[in-house]
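Fold and contact review
Given next are the chains, with one letter for each unit.
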Amino acid sequence: MESDRIIIFDTTLRDGEQSLAASLGVKEKIRIARALERLRVDVIEAGFPVSSPGEFESVKAIAGEIKESRICGLSRALRGDIEVCADALKPAGDFRIHTFISTSDVHIHEKLRKDWSDVLEMAVDAVKFARRFTDDVEFSCEDAGRTPLEHLFQIVEAAIKAGAATVNIPDTVGYTLPSEFGEIIRAVFNNVPNIDKAVISVHCHDDLGLSVANSISAVQQGAGQVECTINGLGERAGNCSLEEVVMILHTRSDILGKKTGLNIREISRTSRLVSQICNVPVQPNKAIVGSNAFAHSAGIHQDGVLKNRQTYEIMTPESIGLTENSFNLTSRSGRHVIKHRLELLGYEESEYDLDEIYNDFLSLADQKGRVYDYDLESLVIPGSMGEAASYHLSYLNVSSGAGTIASATVALGQDGETCREAATGNGPVEAVFNAIDRITGRTLKVEDYRITAKTVGRSALGQVDIVVAYNGRSFHGASISEDIMEASARAYINVVNNIETADMVESMRKTAAVQSHAYE
Ligand code: KIV
Ligand code: ZN
């Protein structure tokens, strides 16, 4: 492998998975492993086979399924663990065994209740034993960040001599500072005589929010492998986030001079998949993969990006697989952005008075917070709002509970008539939406559904916000009530009415275009 190439070792399925509230099934783990393979990570740590029969089966299934990435399994520095690990990995053909033991004084004395010579001996024996099953053995010094340097040099040298091709230096408790961690790696390179025979890896935890900075600092001192997880999942505060470390290497190759073999266009999709399968939402302002990471809100920023994206974007959303950057239309958005958005919606400048629209937009944004496309259109075609025949809720009954199928009966009024339908669903909310779909004849794809408590205590009001994708656009509906089922129904009806209005606006525009053509 070229000297400037950093090996990306993903441990989402091991360190990440062990931190989840509920462990994943084999199918879910295979879906994640396939996504990591598409992303072209070099090594996938699939699990800790000796920890449970389920874990063993998952590692075995992944080892049989994944062809492009090297599959790795974790084992303590114990022969029994290593044997089980090798057995689970066998379907892969070539595989990596990762064996570890604690090396810090506090871990050795308080956790293992052993002394340094026992640890050294166990480490050497584990590496030699693992080499009976594969040439690709990785050894980790758990809690290396707090290990006396003399001990670290000694065990790294011994592990390499015993046959480890990779030696990992973890900051297990996320304690070190970037400069300090970089110094540890530098010292290892300068004090271990056989260091050129192995790849030095790092595995940093995020307890002080420094895992990515520490990993980059280690790379600057010669580390050749970074261990990380998608969305930074992992023990406690998590691990070094794959997307951040990879995009730093990519974006700042001018300074770092390193590259990875990853297909970075898969980053966004992989992050969404892991978040969904693991049921761990990504915070909106998370670097690289947060929903706001490429969304510009300030008017000055939006204006700059429209003139030249480089004004506020150091990497493009397309590079990580997002189709476009987004502008949140709020009271901070300027005229340029409104004009640009209307252009994208197909409106020519001659169809509206920008000053007038902009004033109306600001009043609406003050009331609503975020302004969506259909809101903007209703301003361009005055009088359009409310002209579509609106639905309103006149009856709702929902039944759900453990061991029952959720069902809902809904009656909607429109144009003086009432229509009633019943439906079932995977849960009460879906049952309500299905019943409304039956009445309106539209099956809508809900992209986002959120409930937020708007007041405090047991009787807090719940606001439901729904975003639906329809004809390539996003439609938003919201409602607030003490009863979240009622709020869900009303928010969904609100979306339906917004879509009806937009459809009506569209047909008015088409008619107007035909008429003006006829006069030409
Ligand atoms: O954090 C850690 O030290 C680990 C090891 C098992 C590598 O996860
Ligand atoms: Zn870890």
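Quantities reported herein were computed from a predicted structural model and do not represent experimental measurements.

Quick notes on the coordination of the zinc ion (ligand 2)
- Binding of the zinc ion (ligand 2) to the protein goes through Asp15 (OD), His203 (NE2) and His205 (NE2), at separations of 2.0 to 2.1 Å.
- Residue classification places aspartate 15 among the buried positions, given a relative accessible area of 2%.

Brief notes about the site of ligand 1
- In the vicinity of ligand 1, the contacting residues are Arg14, Asp15, His98, Phe100, Ser140, Glu142, Asn168, Pro170, Thr172, His203 and His205.
- Take aspartate 15: an N or O atom from its side chain is 3.1 Å from an oxygen atom of ligand 1.
- Note that an oxygen atom of ligand 1 is positioned 3.0 Å from one of the side-chain N or O atoms of histidine 205.
- Coverage of ligand 1 by the protein amounts to 94% of the 260 Å² it exposes when considered alone.
- The class makeup of the residues in the shell around ligand 1 is two nonpolar, six polar and three charged.

Topic: the sheet that holds strand S16 (residues 473-481)
- Taken together, three strands build an open sheet; the order of strands is S14-S15-S16 and the sheet is antiparallel. Each edge of the open sheet is held by one strand with a lone partner, namely strand S14 (445-453) and S16. Each adjacent strand pair in this sheet contributes to an overall mean axis angle of 15 degrees, direction not counted.
- Two elements, S14 and strand S15 (residues 462-470), share eight bridges in a ladder whose sense is antiparallel. Paired with aspartate 448 across the strands is valine 467, a residue of S15.

Some details on the domain arrangement of the chain
- Taken domain by domain, the chain holds domain 1 (7-278), domain 2 (292-321), domain 3 (335-384) and domain 4 (393-506).
- Each of domain 1 and domain 3 has a C-alpha centre, and the two are 51 Å apart.

Observations regarding the packing of helix H3 (residues 53-65) against helix H4 (residues 79-89)
- Look at H3 against H4: their axes get within 7 Å of each other, and the N-to-C directions meet at 40 degrees. Classified by the angle their axes make, H3 and H4 are oblique. Residues Phe56, Val59, Lys60 and Ala63 of H3 lie in contact with H4, whose contacting residues are Val84, Asp87, Ala88 and Leu89.

Brief notes about the environment of serine 58
- Structurally, serine 58 is set in helix H3.
- By relative accessible area, serine 58 is classed as buried at 2%.
- C-alpha separation for the pair serine 58 and isoleucine 436, spaced 378 residues apart in sequence, amounts to 41 Å.
- Filtering out sequence-adjacent residues up to four positions away, serine 58 remains in contact with Val26 and Lys29.

Concerning the pattern of salt bridges
- With the rule as written, the count across this model stands at 33 salt bridges.
- Note that aspartate 81 is salt-bridged to arginine 76, the shortest N-O span being 2.9 Å.
- By relative accessible area, aspartate 81 is classed as buried at 4%.
- Between glutamate 486 and arginine 490 there is a salt bridge, with its nearest N and O atoms 2.9 Å apart. Highlighted residues: glutamate 486 and arginine 490, both in helix H18 (residues 484-519), separated by four residues, approximately one helical turn.

Examining the nonpolar core
- The biggest cluster of nonpolar side chains holds 92 residues, and the ones touching the most others in it are Phe139, Val156, Val167 and Ile169.
- Split by domain, the residues of this core number at least three in each of domain 1 (7-278) and domain 2 (292-321).
- When near neighbours in sequence (up to four residues on either side) are disregarded, phenylalanine 139 contacts Thr99, Phe100, Ile101, Ala123, Val127, Ile155, Ala159, Ala164, Thr166, Val167 and Asn168.
- Of all hydrophobic cores here, the second largest spans 29 residues; its members include Leu412, Val432, Tyr470 and Val496.

So, how was this worked out
Residues numbered from 1 in each chain as written. Chains lettered and ligands numbered in written order. Predicted model: local features only at pLDDT ≥ 70, side-chain atom pairs only at ≥ 80, totals over all residues. Heavy atoms only, no water. Donors = N, O, S within 2.8 Å, 3.2 Å for Na, K, Ca; no water. Buried < 20%, exposed > 50% of the residue type's maximum accessible area, 1.4 Å probe, protein only. Near = heavy atom within 4 Å. Polar contact = N/O pair within 3.5 Å; in protein donor to acceptor, adjacent residues only side chain to side chain. Areas by Shrake-Rupley, 256 points an atom, 1.4 Å probe, with all protein chains shown as cover. Nonpolar A, V, L, I, M, F, W, Y, C, P; charged D, E, K, R; others polar. Pairing = 2+ DSSP bridges. Helix = DSSP H or I, 4+ residues; strand = E, 2+ residues; numbered from the N terminus. Axes fitted to C-alpha atoms, helices over the stretch in contact; angles between N-to-C directions. Domains from an automatic or database assignment. Parallel < 35°, antiparallel > 145°, perpendicular 65-115°, else oblique. Contact = heavy atoms within 4.5 Å. Salt bridge = Lys/Arg side-chain N within 4 Å of Asp/Glu carboxyl O. Core = buried A, V, L, I, M, F, W, Y, C linked by side-chain atoms within 4.5 Å.

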